[in-house]
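# Structural description and commentary
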Amino acid sequence: MTDVTARPPSSAPDGDQFGSSSRLWKIAFLILAAATLVALAAQWFGGGYDAAETASTGVGFSRVAGPQSYAQERERVELAVSNTSARLASAPEQWLRRESYVGALSRRAALTGNYTDLAMMDDELARAFGDAPDGAGPVISAAAHAITVHRLDDAENYLDMTDRFAVPPRAGARGELLGMRGDVEFYRGDYDAALRNYRASLRLNEDVGSLSRLSTYQLKHGQFDEAAANIRRAGATAQIPSPYLAAFFFLRLADIGLASGDWAMARDNVDAANRAFSGWWLAEAYQAQSMALAGNIDGAVKLYVKAAESSGDPTVMDALASLLRAHGRIDESRSWADRAGAIWDRRMAILPSAARGHAIEHELALGDPVKALRIAAADYRVRPHGQTAIMLATAQLANGQTDEALALLKQTEESGWVSARAWALRAEAEALLGNGKASDRARTEAEKIDPKIFDPAQSYIWFGHG
Amino acid sequence: MADLLRRRLAVLLLAICAGVLPGAASAHSTPNSEVQLDFGSSEARADIIVPMGDYAAASGNAINDTPANRRAAIRWLTRHFSVRSPDGRPWTIDIQTAEFVQIAGPPDLHAIASMVPPSGAPVRQFTIDWSAVVDTDPAHFALFVAERDLYGRYGDEREIIGAVRSDRQRLVVDRGDASAMTGFANAVRLGGEHIAEGHDHLLFLLALFLPMPLLLAASGKRWGGPRGPKDAIWGMTKIITSFTVGHSLTLIAAPLLGVHLPAQPVEVMIALSILISAIHAWHPIFPGREPLVAVLFGLVHGLAFATLVGDLGLGLNREILSILGFNVGIEIVQLVVVLAFLPALMLFARTDHYSWLRLGGAGFAGVAAISWMIERIFAVSNPLASLIDGLLEHSPILVALLTAAALITYFADRRKRGKEPVAA
């Protein structure tokens, strides 16, 4: 046996491909070349792991027309409000004119998030019904408004009235009515009935409303790709393809990204929303959230402050307060939380049904958990669906009602509602009850839906969390 | 018509305020505390994370990362965290470090505490009383997780133990009985897992193997023709034995002697060892002295293993049986990999195309070594290194493909030789 440590030279032919004199230089050159290659590759791809994560940010619009900024859109809406108001003043007994005024108010409320307009709509609709003959009036507007402010029984009554119309509505309007019936069922937790109506609505009228509703249903049932596809289809069918609507759809896509853990997709779509329709406080708030997720805390705080000041919206203030608190800026956080709390109190006084869902979140994160539980229970009573169930379970956990929270979360999961947050709460409840293995299983389920659900940065997500 | 459309659009967009569409209200995720517990033979260790903002709100303390603020944080944690044995005797809690750090997401107060039971009390059964943040914030909770339990049935698997909240501030922990054999078996498994995941250790060894089936050329300056399989295997056996001796020495000695080296230079040295063995596979630079190189670099690789054992902590580094188990795990995986690689190596060596494997393998190892060196020196992610790591994660497929290629080449060569006319 030859000892390898004293290996004798052989006369065998060389296996190398280089000449002996320059071999070492060539090896050195090869190492240098390899190092250069690596350095170049590092430079080329450096910090570019996201390069492949280019989410499609198209929302299906073939053209865009209309005001390109929040300020311009606001001006247009204000003009509509004053015009319809002037027309109404000249004939205050005409309910159709009042309905037009209500329509303008609704456009302003949608843009600004202002609850005063929503409350005014209540009064104006009541007066319109008073002025209209029996069995007539702004029935469809009233149904839509009732859904918006979460008064499902009222909405159902108005929708029933449309069944008794002497002249049946056209296919488009019938589709819209079926969609609204679907909404009522959706928020009552009857998802099968909701889906049937959404599909029927789509068959009658494939438009922005029917496709958006179906997309929402799919988002809440974990069908993220389908939800995104339907948003794009909705964009393609838009008859008023305004920058505002484009931004709205971009934010819908961002919501899908945030609910499924695809933060890169969310960020791209938030950027696109801000590019499409500049100065919109909601898109800016999303942008601030993206900045926080990217680690730009100072930038996020600055933008949140701008959006909060310009809109006066308490949700933005809550997000800002939460961010400031996470970074130990407790006094500033309390100041914004107090400001938001006062607005939520006012909104709860004006329109409790509409304000509850958001007010709970304020109370849970920055206010009083006991108050949160009271509001959450009331909200769940009138809208017993997945979202309100998750809010109630969160409030129950914060109030030591762990068994009740767990039961509610199980029921929510069995209903078909798919939410990583629900599973994460279930993991928390199981852990509190000392069920380690069950908690682990729940965490796994949560991560299947949203791989980033337990990412520490998740707490920065205030807008669009699933 | 346009007015009707606008109105319908407004209805849809109104949903924004109503919590139906973008920005829909749902339970916002609030940051919570997490305590990871590691269970050793004589003590437990708690790795504590408290969201910094919640700490600031609950304690009223300053949060700049200064020594005074860190000490204040330790005092505050000490007041809010205690452990007792089942018989009621208190444990000794020593919060060794506290810092304000931002790892991912919002910044945290991060602390590490050692928890030592009183004399005669079990280390695996205790009650924790935790009131940090939860006493002031009812929505906050602290999750307790068993991260490492080498002497228990879960080994290195993370397992949720439970959680505390404002209304439940006490948690009873019972990890069952400890077993030396379980500890040994878990250590074997850990050692095996760590070397299987540590591609650099195996690549060093395989690069050293590449020239083993060859003789040195007459000039003594390049690799020559094939040598007998027995000699080749004997040479490899000496390399693997030397490497084992080398890394075992430092793996056992470093923890016992309390040697602590920073990880970065050790990791860079390991990458350098691969580069040197890759160059040697390309061109002989230390022919016949491979076992010596293996033992020397083995010492360096052993330091990396020792760092891992140190990281596992909890008296493992004082448990000779566990260190031995860890080492046995390493050897088992090492041997399996070598045995899997050997058929391809020996078959290729008996063809006219061994230089393909040698030069290709040396080139790959060299590029990998340089990529890892850049990554480890500059502490920045390197896409090429990630690519190589990704490739090496599929080692079984690579070895199977290599063996198939070796078989095809071997039989093709034999067929070709059979057809060649016999020289007169």
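Because the structure is a prediction, the values reported are computed rather than measured.

Another aspect to go through is the overall build of chain A. For chain A, the helix and strand inventory stands at 22 helices and zero strands. Relative to its full complement of 466 residues, chain A shows a buried share of 57%. Entry remark: accessible area of chain A is about 19100 Å², with carbon and sulfur atoms responsible for 52%.

This next bit is on the overall build of chain B. Counting its regular elements, chain B contains 12 helices and 11 strands. Taking all 424 residues of chain B together, the buried fraction comes to 56%. Long-range pairs, those at least 24 residues apart, make up 72% of the contacts in chain B with a sequence separation of at least 6. When the accessible surface of chain B is totalled, it reaches about 17200 Å², and 63% of it is carbon and sulfur.

Another point: the nonpolar core. Core analysis: the biggest nonpolar cluster contains 145 residues, and Phe 249, Ile 256, Trp 280, Tyr 304 and Phe 463 of chain A have the highest contact counts within it. Per-element accounting of this core gives the leading share, 13 residues, to helix α11 (residues 243–260) of chain A. With 73 residues, the next largest nonpolar core counts Leu 150, Val 309, Ile 323 and Ala 369 of chain B among its residues.

All names here are of chain B. A contiguous nonpolar surface patch, about 620 Å² in accessible area, is contributed by Leu 256, Leu 257, Val 259, Leu 261, Ile 320, Leu 321 and Leu 324. Those elements that provide at least two residues to the nonpolar patch are α6 (229–257) and α9 (320–349). Take the nonpolar patch: its biggest share by element is three residues, from α9. In this fold, Leu 321 is placed in helix α9.

Turning next to the confidence of the model for chain A. All names here are of chain A. This prediction gives chain A a mean pLDDT of 87; 87% of its residues lie at or above 70. By mean pLDDT, the top-scoring element of chain A is helix α14 (residues 297–311) (97), and the lowest-scoring one is helix α1 (residues 23–45) (53). Within the model, the stretch residues 1–21 combines pLDDT values under 50 with 57 contacts to residues more than four positions away or in other chains. pLDDT under 50 marks residues 42–56. Its contacts with residues more than four places away, or in other chains, come to 15 contacts.

What follows deals with the sheet that holds strand β9 (residues 170–174) of chain B. Residue and element names in this part refer to chain B. With antiparallel pairing, the three strands of this open sheet are ordered in space as β3-β6-β9. Each edge of the open sheet carries a strand with a single partner, namely β3 (81–84) and β9. For this sheet, the mean inter-axis angle between neighbouring strands, taken without regard to orientation, is 20°.

All names here are of chain B. One way to put it is that helix α5 (residues 199–209) packs onto α6 with a least axis distance of 10 Å and a crossing angle of 150°. Classified by the angle their axes make, α5 and α6 are roughly antiparallel. In the packing of α5 onto α6, the handedness of the crossing is right-handed. Seen from α5, the contacting residues are His 201, Phe 204, Leu 205, Leu 208 and Phe 209; seen from α6, they are Met 236, Ile 239, Ile 240 and Phe 243. Counted by class, the contact of α5 with α6 contains eight nonpolar, one polar and no charged residues.

A few words now on the pattern of salt bridges. Within this structure, the stated rule accounts for 35 salt bridges over all chains. Asp 129 of chain B serves as the salt-bridge partner of Arg 170 of chain B, at 2.7 Å between the closest nitrogen and oxygen. Taken as a pair, Arg 170 of chain B in strand β9 and Asp 129 of chain B in strand β6 (residues 125–130) lie far apart in primary sequence, 41 residues in all. A relative accessible area of 18% places Asp 129 of chain B in the buried class. Among the ionic contacts, a cluster of salt bridges with common partners joins Arg 74, Glu 78, Arg 108 and Asp 117 of chain A.

In this structure, His 150 of chain A is a non-glycine residue whose phi angle is positive, near 65°. Here His 150 of chain A shows up in the loop between α5 (139–148) and α6 (152–163). At Val 133 of chain B, a position not held by glycine, the phi torsion is positive, near 65°. Following the sequence through the fold, Val 133 of chain B ends up in the loop between β6 and β7 (141–149).

All names here are of chain B. Counting buried positions along strand β8 (residues 159–165) gives seven out of seven residues, so the element sits mostly inside the fold. The pairing of β7 with β8 spans six bridges and is antiparallel. When the sheet's bridge partners are listed, Val 145 is paired in β8 with Ile 160.

Of all the bends in helix α17 (residues 352–366) of chain A, the greatest measures close to 40° and is centred on His 358 of chain A. Of the positions making up α17 of chain A, those classed as buried are Ser 353, Ala 354, Ala 355, Arg 356, Gly 357, His 358, Ala 359, Ile 360, Glu 361, His 362, Glu 363 and Leu 364 of chain A.

On to the confidence of the model for chain B, then. Do not read the fine detail of predicted coordinates wherever pLDDT is low. Predicted confidence across chain B gives a mean pLDDT of 83, with 88% of residues reaching 70 or more. Here the predicted complex scores 0.72 on pTM and 0.77 on ipTM.

All right, on to the pairing of strand β1 (residues 33–39) of chain B then. Residue and element names in this part refer to chain B. Summarising burial for β1: five of the seven residues are buried, a large majority. As judged from the seven bridges shared by β1 and β7, these two strands associate in the parallel manner. Counterpart to Leu 37 in the pairing with β7 is Ala 146. The pairing of β1 with strand β2 (residues 44–51) spans six bridges and is classified as antiparallel. Note that in β2 the partner of Leu 37 across the bridge is Ala 46. Hairpin connection of β1 to β2: four residues between the antiparallel strands.

All names here are of chain A. Within this structure, the stated rule accounts for 22 aromatic pairs over all chains. Ring geometry for Tyr 244 versus Trp 280: centroids 5.2 Å apart, planes at 85°, classification edge-to-face. Taken together, the positions of Tyr 244 in helix α11 and Trp 280 in the loop between α12 (263–276) and α13 (281–293) put the pair 36 residues apart, joining distant regions of the chain. Of the two residues examined, Tyr 244 and Trp 280, each falls in the buried class. An aromatic cluster is defined as three or more aromatic residues linked by ring pairs; in this entry it consists of Phe 186, Tyr 187, Tyr 191, Tyr 198, Tyr 217 and Trp 417. Just above the ring of Trp 263 sits the side chain of Lys 452; from NZ or CZ to the centre is 5.1 Å.

Attention shifts here to the side chain of Arg 108 of chain A. All names here are of chain A. Tracing the backbone through its elements, the reader meets Arg 108 in helix α3 (residues 95–112). Of the residues examined, Arg 108 reaches a relative accessible area of 15% and is grouped as buried. Residues within four places of Arg 108 in sequence aside, it is in contact with Val 77, Glu 78, Val 81, Gly 113 and Asp 117.

With that out of the way, let us pick up the environment of His 353 of chain B. Residue and element names in this part refer to chain B. Within the secondary structure, His 353 is located in the loop between α9 and α10 (354–378). Sequence separation of His 353 and Thr 409 is 56 residues, and the distance between their C-alpha atoms is 7.8 Å. With near-sequence residues (within four places) excluded, His 353 lies in contact with Phe 348, Thr 409 and Asp 413.

Residues and elements named next belong to chain B. Taken N-terminus to C-terminus, the directions of helix α7 (residues 263–282) and α10 make an angle of 160°; their axes are 8 Å apart at the nearest point. With respect to each other, α7 and α10 are oriented roughly antiparallel. Once α7 is placed against α10, the crossing between them reads as left-handed. On α10, the residues touching Gln 264, Glu 267, Val 268, Ile 270, Ala 271, Leu 272, Ile 274, Leu 275, Ala 278, Ala 281 and Trp 282 of α7 are Arg 358, Leu 359, Ala 362, Gly 363, Ala 365, Gly 366, Ala 369, Ile 370, Trp 372, Met 373, Arg 376 and Ile 377. Tallied by class, residues from the contact of α7 with α10 come to 17 nonpolar, three polar and three charged.

Turning our eyes to something else, we now look at helix α21 (residues 420–432) of chain A. Over its 13 residues, α21 of chain A runs 18 Å from end to end, which matches the ideal 18 Å to within 8%, given 1.5 Å per residue. The buried fraction of α21 of chain A amounts to 13 of the 13 residues, a majority that puts the element mostly inside the structure.

Another aspect to go through is the sheet that holds β1 of chain B. Residues and elements named next belong to chain B. Strand order in the open sheet formed by six strands is β4-β5-β2-β1-β7-β8, with mixed pairing between adjacent strands. Looking at which strands have only one partner, the edges of the open sheet turn out to be β4 (92–101) and β8. The mean angle between the axes of side-by-side strands here comes to 20°, regardless of whether they run parallel or antiparallel. The sheet contacts of helix α3 (residues 67–79) involve β2, β4 and β5 (108–116), and relative to β4 the element is tilted by about 135°.

Rules used in this analysis
- Residues numbered from 1 in each chain as written.
- Chains lettered and ligands numbered in written order.
- Predicted model: local features only at pLDDT ≥ 70, side-chain atom pairs only at ≥ 80, totals over all residues.
- Heavy atoms only, no water.
- Helix = DSSP H or I, 4+ residues; strand = E, 2+ residues; numbered from the N terminus.
- Buried < 20%, exposed > 50% of the residue type's maximum accessible area, 1.4 Å probe, protein only.
- Areas by Shrake-Rupley, 256 points an atom, 1.4 Å probe, with all protein chains shown as cover.
- Contact = heavy atoms within 4.5 Å.
- Core = buried A, V, L, I, M, F, W, Y, C linked by side-chain atoms within 4.5 Å.
- Patch = residues over 30% accessible without salt bridge, like charges linked within 9 Å, V, L, I, M, F, W, Y side chains within 5 Å.
- Salt bridge = Lys/Arg side-chain N within 4 Å of Asp/Glu carboxyl O.
- pLDDT = per-residue confidence, 0-100.
- Pairing = 2+ DSSP bridges.
- Axes fitted to C-alpha atoms, helices over the stretch in contact; angles between N-to-C directions.
- Parallel < 35°, antiparallel > 145°, perpendicular 65-115°, else oblique.
- Left-handed = near helix turned anticlockwise from the far one by under 90°.
- Nonpolar A, V, L, I, M, F, W, Y, C, P; charged D, E, K, R; others polar.
- Bend = angle between axes of the 7 residues up to and from the residue.
- Phe/Tyr/Trp six-rings, centres within 6.5 Å; stacked < 30°, edge-to-face > 60°.
- Lys NZ or Arg CZ within 6 Å of the ring centre and 35° of its normal.
- Expected span 1.5 Å × (residues − 1).

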